[in-house]
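Reading the structure
Spelled out, the chains give:
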Amino acid sequence: MTVDFLGGMGLFTNLALTPAADPAFDPAKKTFAVDLSNENMVMTLNAATWGVAQGNTPIPAGADIYFEATVLAGAIFEIGVGRGDIWATGNIAGSANAVGYRSDSGNYVGGWNTGGGGGGYSSGDTIGVAVRRSSEQAFFSRNGVWLLSSNPATGANPVGIGLNGEIYPTVSAHNTATSLRIRFSNFLYPAPAGFSHL
């Protein structure tokens, strides 16, 4: 797009404006074993190892943001948030700079969060993640039901994030042919009251 300010007087003529990228997985923030497809909304693991992919848009300080991830195939996932460099660390559970909800154990993992999850999940399930940056809290749902009687709208029973600085939607997965689709809009389940999309 080209803009000519001040009616062609020659000031700021032909200023090129580049629109911000739509939220998606970031090709620069993934491990080697992760392939991205469908406009970088689907991650697929191509090796029998851990793989991590992070979003291209940070969750702003003070914002209340909701996103979803639907498991397409595979059995071991960790869905949550992390600092911008955790894609290089192996997985959410192994990082002090991330927190997530793990599929096989059903526990909250990463940072100082262990145990206490709301049961496992598998192929076909959709995990909702509501992040409240003002209080550094996260809430997780499975197929539209908030886990452990949590309620993002009222702040009941949150998971502490305990992270400072820029954080991003983050997914780690294990094993070949494991895949997942992330959604930053057009949700399958309603966002909680007071929360918006990236």
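For the structure given in this document, a descriptive report is provided here. (Residues numbered from 1 in each chain as written. Predicted model: local features only at pLDDT ≥ 70, side-chain atom pairs only at ≥ 80, totals over all residues. Heavy atoms only, no water.)

**Description of the overall build of the chain**
Put simply, the rule is: A run of H or I in DSSP becomes a helix once it reaches four residues, and a run of E becomes a strand once it reaches two; helices and strands are each numbered from the N terminus. When a residue's accessible area, from a 1.4 Å probe over protein chains only, is under 20% of the maximum for its type it is buried; when over 50% it is exposed; and in between it is partly exposed. Whether two residues are in contact is decided by their heavy atoms, any of which lying within 4.5 Å being enough. Here, Shrake-Rupley sampling with a 1.4 Å probe gives the accessible areas, and only protein chains in the shown set may cover a residue.
For the chain, the helix and strand inventory stands at 0 helices and 16 strands. Buried residues in the chain amount to 45% of all 198 residues. Residue pairs in contact within the chain that sit at least 24 positions apart in sequence constitute 62% of those at least 6 positions apart. Of the roughly 8,800 Å² of accessible surface on the chain, 54% is carried by carbon and sulfur atoms.

**Looking at unusual backbone geometry**
Here Glu 39, not a glycine, exhibits a phi torsion of approximately 55 degrees, which is positive. Assignment of secondary structure puts Glu 39 in the loop between β4 (34-37) and β5 (42-45). Judged by its relative accessible area of 75%, Glu 39 is exposed.

**Thoughts on the packing of aromatic side chains**
Stated formally: Stacked, tilted and edge-to-face are the three classes applied to pairs of Phe, Tyr and Trp rings, where Trp contributes its six-membered ring and a pair requires centres within 6.5 Å; stacked means planes under 30 degrees apart, edge-to-face means over 60, and tilted covers the rest. Lysine NZ or arginine CZ positioned within 6 Å of the ring centre and within 35 degrees of the ring normal marks a charge as sitting over the ring.
Enumeration over the complete set of coordinates arrives at 7 aromatic pairs. Seen in terms of ring centroids, Phe 67 and Phe 184 are 5.9 Å apart; in terms of plane orientation they differ by 45 degrees. Their pairing is tilted. In this pair, Phe 67 is assigned in strand β7 (residues 64-73) and Phe 184 in the segment after β16 (179-183), connecting sequence segments 117 residues apart. A single burial state applies to Phe 67 and to Phe 184, both of which are buried. An angle of 55 degrees between the planes, with centres 5.9 Å apart, marks the rings of Tyr 101 and Phe 140 as tilted. With a gap of 39 residues between them, Tyr 101 in strand β9 (residues 98-102) and Phe 140 in strand β12 (residues 137-142) connect regions that are remote in the sequence. Accessibility classification places Tyr 101 together with Phe 140 in one group, the buried group. Among the aromatic side chains, those forming a connected cluster through ring pairs are Tyr 101, Tyr 108, Tyr 121 and Phe 140. Above the plane of the ring of Tyr 168 lies Lys 29, whose end atom (NZ or CZ) is 3.4 Å from the centre.

**Thoughts on the pattern of salt bridges**
We count it as follows: Salt bridges are identified by distance alone: a Lys or Arg side-chain nitrogen within 4 Å of an Asp or Glu carboxyl oxygen.
For the coordinates displayed, the defined rule picks out 4 salt bridges. The partner of Glu 78 in a salt bridge is Arg 102, and the shortest N-O contact between them spans 2.9 Å. Of the two residues, Glu 78 is situated in strand β8 (residues 76-83) and Arg 102 in strand β9; the sequence distance between them amounts to 24 residues. Judged by its relative accessible area of 0%, Glu 78 is buried. With relative accessibility at 18%, the residue Arg 102 sits in the buried group. Residue Arg 133 is joined to Glu 136 by a salt bridge in which the shortest nitrogen-to-oxygen separation is 3.0 Å.

**Things to note about the sheet that holds strand β6 (residues 50-55)**
The following threshold applies: A pair of strands counts as paired when DSSP detects no fewer than two bridges linking them.
The antiparallel open sheet is built from 6 strands, whose spatial order is β3-β6-β15-β8-β9-β10. Looking along the sheet, the strands with just one partner apiece sit at the ends: β3 (25-30) and β10 (108-109). Two strands pair when backbone bridges link them, and β3 and β6 are joined in this way by 2 bridges, in the antiparallel orientation. Paired with Phe 25 across the bridge in β6 is Gly 55.

**Let's talk about the environment of Ala 96**
Take Ala 96: it is sitting in the loop between β8 and β9. Taking C-alpha positions, Ala 96 is 9.6 Å from Val 109, a pair spaced 13 residues apart along the chain.

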